[in-house]
Amino acid sequence: MSGEYQLPQDLLIQILLWLPPKSLLRFRCISKSWCSLISSPSFIDMHTRNLPHVTNTRKLIRHCTTTSPHEEVYSVFFDNQSSFDRDDDVKIDFPLTSTTEYKIVGSCNGLICLSDSDVLDDLCTTVLWNPAIRRKLTLPPPGILVRNTGSLHVLGFGFDCKAKDYKIVRLSYKNPYLWPPSVEVFSVNTGAWRGISTPAPMCRIFGDLWRQCFVNGAAHWAAYTQICGQNRSFILSFDMCDEVFCEIKLPECLAGKSPGQVGVVVIQDSLSVVEYDKSHTILMLSVWVMKDYGVVESWTKQYKIDTEVGLQRMLGVRRNGEVLLTTRDGELVDYDVQTRESMDLITGGINCTFFVDTYKESFALLFEGEKTQI
């Protein structure tokens, strides 16, 4: 790096770590030394490790329109204390095509994992997509195929901070679900699926309504097992680093809930559970937060919501504590727990396709996969 006012490299790196990838990729054109620095695995690793320290006020929202054919729409909103406004400077064009809507498995460090199949389909297409740098990676077919009627497949997605690797875990259940699922893991670093030696516990994840959340280095699902003919709900986790499963107990008042009444979500970086109570004329929900990860006694009831807006599902919580909900009419609403007032954010969507997560741009897939056409 030449010039009369050259910065020390350590200081330059500290400045660059706080810049978004799109800007940094342009800066590679400044000189060969800048290109070498920004493209180096060590800098990319430092940039990834710095992501949790970046103050983030943006959320990525995805939904499918009710128009024919359905359009997948991705928007970014500023999540400020006083407002929740669309970031018109960020335009995200969805680059994939499918005969059905893609299901979002999860997102991590700006990388989104999507699957285009029904959970009963053995030959699904799974794609990792980084909208910030417009790159995607289509996964090869899984190695374990369960070809029988009623088989069930569940996916989890997250980041292995030890191996610096993004991973997808796949659980394959064989009907009639009398045995634990077969398990395999896809690694972006190796580009291949492989089986793991650690068995999964004998349990089930609720049908086509399964959703995962990634927090504390592990993927989590709401699961259940049968004890003396009674369903017993709990949280199943899979550690992306050690590749082991763990069962996390729910508050006792939730453990006996039927499958489908409990869902997992991340609230302010904490593992949380949403209880959906349909015993009333209107749907009510309660939210429990695990204040100390892994400590069952730290479960704390945070919210109880009963609203007339016809709510369908809770997606997350804003920085100011307001709750993001979907309605039966295909709307995304911002609900104030204190005043019980709601505000429409998006209308004309299909309620089961809404997805909300924090939006952080990263270099994920810079050297893997391919450039998207859009």
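Residues numbered from 1 in each chain as written. Predicted model: local features only at pLDDT ≥ 70, side-chain atom pairs only at ≥ 80, totals over all residues. Heavy atoms only, no water.

A. Layout of the overall build of the chain. Counting its secondary structure elements, the chain contains five helices and 26 strands. Taken against the 2.2 N^0.38 rule, which gives 21 Å for 374 residues, the C-alpha radius of gyration of the chain at 21 Å falls within 12% of a compact globule. Projected onto its principal axes, the C-alpha positions of the chain cover 75 × 50 × 45 Å. In the chain, 49% of the contacts between residues at least 6 apart in sequence involve partners at least 24 apart. Positive and negative side-chain charges of the chain, numbering 37 and 43 respectively, have mean locations separated by a distance of 3 Å. (Helix = DSSP H or I, 4+ residues; strand = E, 2+ residues; numbered from the N terminus. Rg over C-alpha atoms; globule rule 2.2 N^0.38 Å. Contact = heavy atoms within 4.5 Å. Lys, Arg positive; Asp, Glu negative; His and termini not counted. Charge placed at Lys NZ, Arg CZ, Asp CG, Glu CD.)

B. Here's a closer look at a nonpolar patch on the surface. On the surface, a cluster of nonpolar side chains totalling about 240 Å² of accessible area is made up of Leu7, Leu11 and Ile15. With respect to the helices, strands and loops of the structure, Leu7 is situated in the segment before helix 1 (9–16). Its relative accessible area of 39% is what places Leu7 among the partly exposed residues. (Patch = residues over 30% accessible without salt bridge, like charges linked within 9 Å, V, L, I, M, F, W, Y side chains within 5 Å. Areas by Shrake-Rupley, 256 points an atom, 1.4 Å probe, with all protein chains shown as cover. Salt bridge = Lys/Arg side-chain N within 4 Å of Asp/Glu carboxyl O. Buried < 20%, exposed > 50% of the residue type's maximum accessible area, 1.4 Å probe, protein only.)

C. Spatial organisation of the pattern of salt bridges. Applying the stated criterion across every chain, the model contains 16 salt bridges. One salt bridge in this structure joins Lys22 and Glu361, with 3.6 Å as the shortest N-O distance. Here Lys22, found in helix 2 (residues 21–27), pairs with Glu361, found in the loop between strand 25 (355–358) and strand 26 (370–371); they are 339 residues apart in sequence, far enough to count as distant. Given the relative accessible area of 34%, Lys22 is considered partly exposed. In this structure, Arg170 and Glu184 form a salt bridge, with 3.4 Å as the shortest nitrogen-oxygen distance. With a gap of 14 residues between them, Arg170 in strand 9 (residues 165–173) and Glu184 in strand 10 (residues 182–187) connect regions that are remote in the sequence. By relative accessible area, which is 1% here, Arg170 ends up buried. Among the charged side chains, a salt-bridge network with shared partners connects Asp79, Arg318, Glu322 and Asp334.

D. Main features of the side chain of Glu322. With respect to the helices, strands and loops of the structure, Glu322 is situated in the loop between strand 21 (311–317) and strand 22 (323–327). Contacts of Glu322, omitting those with residues within four sequence positions, involve Gly316, Val317, Asp334, Tyr335 and Asp336.

E. Spotlight on the nonpolar core. Formed by 38 residues in total, the largest nonpolar core has its most connected members in Leu128, Leu171 and Trp221. Taken together, the elements giving at least two residues each to this core come down to strand 4 (103–108), strand 5 (111–115), strand 8 (152–160), strand 9, strand 10, strand 14 (218–227) and strand 15 (230–239). Once you skip the residues sitting within four places of it in the chain, Leu128 turns out to touch Leu111, Ile112, Cys113, Arg135, Lys136, Leu137, Leu139, Phe157, Ile168, Val188 and Leu365. One finds Val274, Leu283, Leu285 and Leu311 within the second-largest nonpolar core, a separate group that totals 17 residues. (Core = buried A, V, L, I, M, F, W, Y, C linked by side-chain atoms within 4.5 Å.)

Such coordinate-based values are descriptive only and should not be taken to indicate function.
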